[in-house]
Amino acid sequence: MTRISRRQALAAGTVGLAGCRTEAPAPSAGPEAPPAKAGLTADGARGVERIVEATRTRDGAGVKLSRALGGRALPMLDPFLLLDEFHSDDPNDYAAGFPDHPHRGFETVTYMLEGAMEHRDSVGNAGRLGPRSAQWMTAGRGIVHSEMPKQERGLMWGFQLWVNLPRARKMIRPRYQDIAPGLIPELDHDGARVRIVAGSAFGATGPVSGIDVEPLFFDVTLSRGVSFEVPVPTDHSAFAFVTDGAVRLGPSRAEVRAGQLAVLRKGPRIAATCDATSGRMIVLAGKPIGEPVARGGPFV
Ligand code: CO
């Protein structure tokens, strides 16, 4: 894989972190043909098993969302149960927020790129989730909380991810990890801009700790001509959701565009390149739990 220098990457122009999609994602490119041997190539880069188009939906008190995981097309990817993106500068799309609702038996993760939400729960915890912050909430035996916009206008952009807990750990005491933006390592690796929310890469470790499925959570921005490769535990489930532009993933360089989620095969590395103007994706990996899942709304 060709690497370009950091200087070349910078010369190619910096990538707007707050860029918005302006058009609906094009139809799915379809999965690439499976490589001959268990999805592994010589260098172990994970191939793309399938590409899923996020679908529009509403949740909470009517917040407009794109659901990439947890819908009909991809009900789950053990241990991940749901991925929603909210992305709108129209307050009508988000003002209703997520009033009091319960969670039990799993973990909810909020990752904000733009805008602010306020979080409150039934036992007196409260906090503000501002741009580029994260919250990893282990609901465990149960909490009731609300997540409401802390702004009346402007862009609201972020993600909600649900992560399962093993059966034996579903009733643990609830736990919060509220993560201010400055605690998330952000580094430049061969021209790729990488924020590390969870897990380790390139000598840095994300702030999220003590999670059963040993997650990796990277926010990766590539500009044209930049490649990105990161080692991951071989047997973790993994996906990449493209939030802006387009990236190419895996040995056959399958194109994944904004609004699409790529399910990755097992393997020791995730590899991506970018030949669009830019591409941004969130990359998640987690140890599969391998237990039957019964879900009923906010209980799993
Ligand atoms: Co919630």
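Residues numbered from 1 in each chain as written. Predicted model: local features only at pLDDT ≥ 70, side-chain atom pairs only at ≥ 80, totals over all residues. Heavy atoms only, no water.

*Asks:* Give me the lowdown on the overall build of the protein, citing residues and values where you can.
*Replies:* Broken down by element type, the protein carries two helices and 23 strands. Residue burial in the protein is summarised as follows: out of 300 residues, 51% are buried. Restricting the contact set of the protein to residue pairs at least 6 apart, pairs at least 24 apart contribute 74%. (Helix = DSSP H or I, 4+ residues; strand = E, 2+ residues; numbered from the N terminus. Buried < 20%, exposed > 50% of the residue type's maximum accessible area, 1.4 Å probe, protein only. Contact = heavy atoms within 4.5 Å.)

*Asks:* Describe the pattern of salt bridges, with residues and values.
*Replies:* The tally for this structure, following the rule as stated, stands at 15 salt bridges. One salt bridge in this structure joins arginine 253 and aspartate 275, with 3.6 Å as the shortest N-O distance. Within this pair, whereas arginine 253 is found in the loop between β19 (237-249) and β20 (254-257), its partner aspartate 275 is found in the loop between β22 (269-273) and β23 (278-286), the two being separated by 22 residues in sequence. Assessed through its relative accessible area of 37%, arginine 253 is described here as partly exposed. For aspartate 275, a relative accessible area of 36% corresponds to the partly exposed category. (Salt bridge = Lys/Arg side-chain N within 4 Å of Asp/Glu carboxyl O.)

*Asks:* Could you give me a rundown of the packing of aromatic side chains, with the residues and numbers involved?
*Replies:* Tallied over the entire structure, the rule returns six aromatic pairs. Between the aromatic rings of phenylalanine 80 and phenylalanine 239, the centroid separation amounts to 5.3 Å while the plane-to-plane angle is 90 degrees, which identifies the pairing as edge-to-face. Of this pair, phenylalanine 80 sits in strand β4 (residues 80-88) while phenylalanine 239 is found in strand β19, placing the two residues 159 residues apart along the sequence. Residues phenylalanine 80 and phenylalanine 239 agree in their burial class; the two are buried. Centre to centre, the rings of tyrosine 111 and phenylalanine 217 are 5.1 Å apart; their planes meet at 70 degrees, and the pair counts as edge-to-face. Placement of the pair is tyrosine 111 in strand β6 (residues 106-114) and phenylalanine 217 in strand β17 (residues 216-223), with a sequence separation of 106 residues. Across this residue pair, the class does not change: tyrosine 111 and phenylalanine 217 are buried. (Phe/Tyr/Trp six-rings, centres within 6.5 Å; stacked < 30°, edge-to-face > 60°.)

*Asks:* An account of empty space enclosed by the protein is requested, with residue identities and associated values reported.
*Replies:* If you roll a probe as big as a water molecule over the atoms, it shows you where there is empty space left. Using the criterion set out here, one finds one cavity of 30 Å³ or more in the structure. In this model, the largest cavity occupies a volume close to 30 Å³. Partitioning the lining of the largest cavity into residue classes produces seven nonpolar, one polar and no charged. (1 Å grid on protein atoms, 1.4 Å probe; cavity = no way out; pocket = protein on both sides within 12 Å on 5 of 7 lines; lining within 4 Å. Points joined across faces, edges and corners; volume = space filled by probe spheres on them. Nonpolar A, V, L, I, M, F, W, Y, C, P; charged D, E, K, R; others polar.)

*Asks:* With reference to specific residues and values, describe the layout of surface pockets.
*Replies:* In this structure, the largest pocket spans a volume of roughly 330 Å³. Along its surface, the largest pocket is lined by 22 residues, and Asp59, Phe98, His101, His103 and Trp162 are the ones closest to its centre. Where the lining of the largest pocket is concerned, the elements lending two or more residues are β3 (63-69), β4, β5 (98-103), β7 (117-121) and β11 (156-164). The greatest single-element share of the lining of the largest pocket, amounting to five residues, is contributed by β5. By residue class, the composition of the lining of the largest pocket is 10 nonpolar, seven polar and five charged.

*Asks:* Describe in detail the coordination of the cobalt ion, supporting the description with residues and values.
*Replies:* Coordination sphere of the cobalt ion, protein contribution only: His101 (NE2), His103 (NE2), His145 (NE2) and Glu147 (OE), at 2.0 to 2.7 Å. Here the cobalt ion is ringed by four donor atoms whose angles at the metal span 82 to 176 degrees, and the overall shape comes out irregular. Of note, the cobalt ion draws all its donor residues from one chain, in the sequence arrangement H-x1-H-x41-H-x1-E. Within this pair, whereas histidine 101 is found in strand β5, its partner glutamate 147 is found in strand β10 (residues 143-149), the two being separated by 46 residues in sequence. We note that histidine 101, like glutamate 147, is buried. (Donors = N, O, S within 2.8 Å, 3.2 Å for Na, K, Ca; no water. Tetrahedral: all angles 85-135°; square planar, octahedral: opposite > 155°, others 65-115°.)

*Asks:* Tell me about the sheet that holds β11, residues and numbers included.
*Replies:* Ordered by their spatial adjacency, seven strands build an open sheet running β2-β3-β4-β11-β6-β9-β12, and the pairing between neighbours is antiparallel. Each end of this open sheet is capped by a strand with a single partner; those strands are β2 (55-59) and β12 (175-179). The mean angle between the axes of side-by-side strands here comes to 20 degrees, regardless of whether they run parallel or antiparallel. In this sheet, β4 lies alongside β3 in antiparallel orientation, the contact comprising three bridges. Within the sheet, the bridge partner assigned to leucine 69 lies in β4 and is leucine 83. (Pairing = 2+ DSSP bridges. Axes fitted to C-alpha atoms, helices over the stretch in contact; angles between N-to-C directions.)

*Asks:* Outline the environment of threonine 205, listing residues and values.
*Replies:* If you trace the backbone, threonine 205 turns up in strand β16 (residues 204-205). Given the relative accessible area of 52%, threonine 205 is considered exposed. Threonine 205 sits 10 residues away from arginine 195 along the chain, and the two C-alpha atoms are 9.9 Å apart. Discounting residues that sit within four places of it in the chain, threonine 205 has contacts with Pro185, Ile196, Gly199 and Ser200. At 2.7 Å, the side chain of threonine 205 forms a polar contact with the side chain of serine 200. (Polar contact = N/O pair within 3.5 Å; in protein donor to acceptor, adjacent residues only side chain to side chain.)

*Asks:* Which residues make up the sheet that holds strand β8 (residues 126-129), and what values do they have?
*Replies:* Ordered by their spatial adjacency, four strands build an open sheet running β5-β10-β7-β8, and the pairing between neighbours is antiparallel. Both outer strands of the open sheet, β5 and β8, are each paired with one neighbouring strand and no more. Adjacent strand axes in the sheet meet at a mean angle of 20 degrees when their direction is disregarded. Where β7 lies against β8, four bridges are found, and the strand directions are antiparallel. Its bridge partner lying in β8, arginine 120 is registered against alanine 126.

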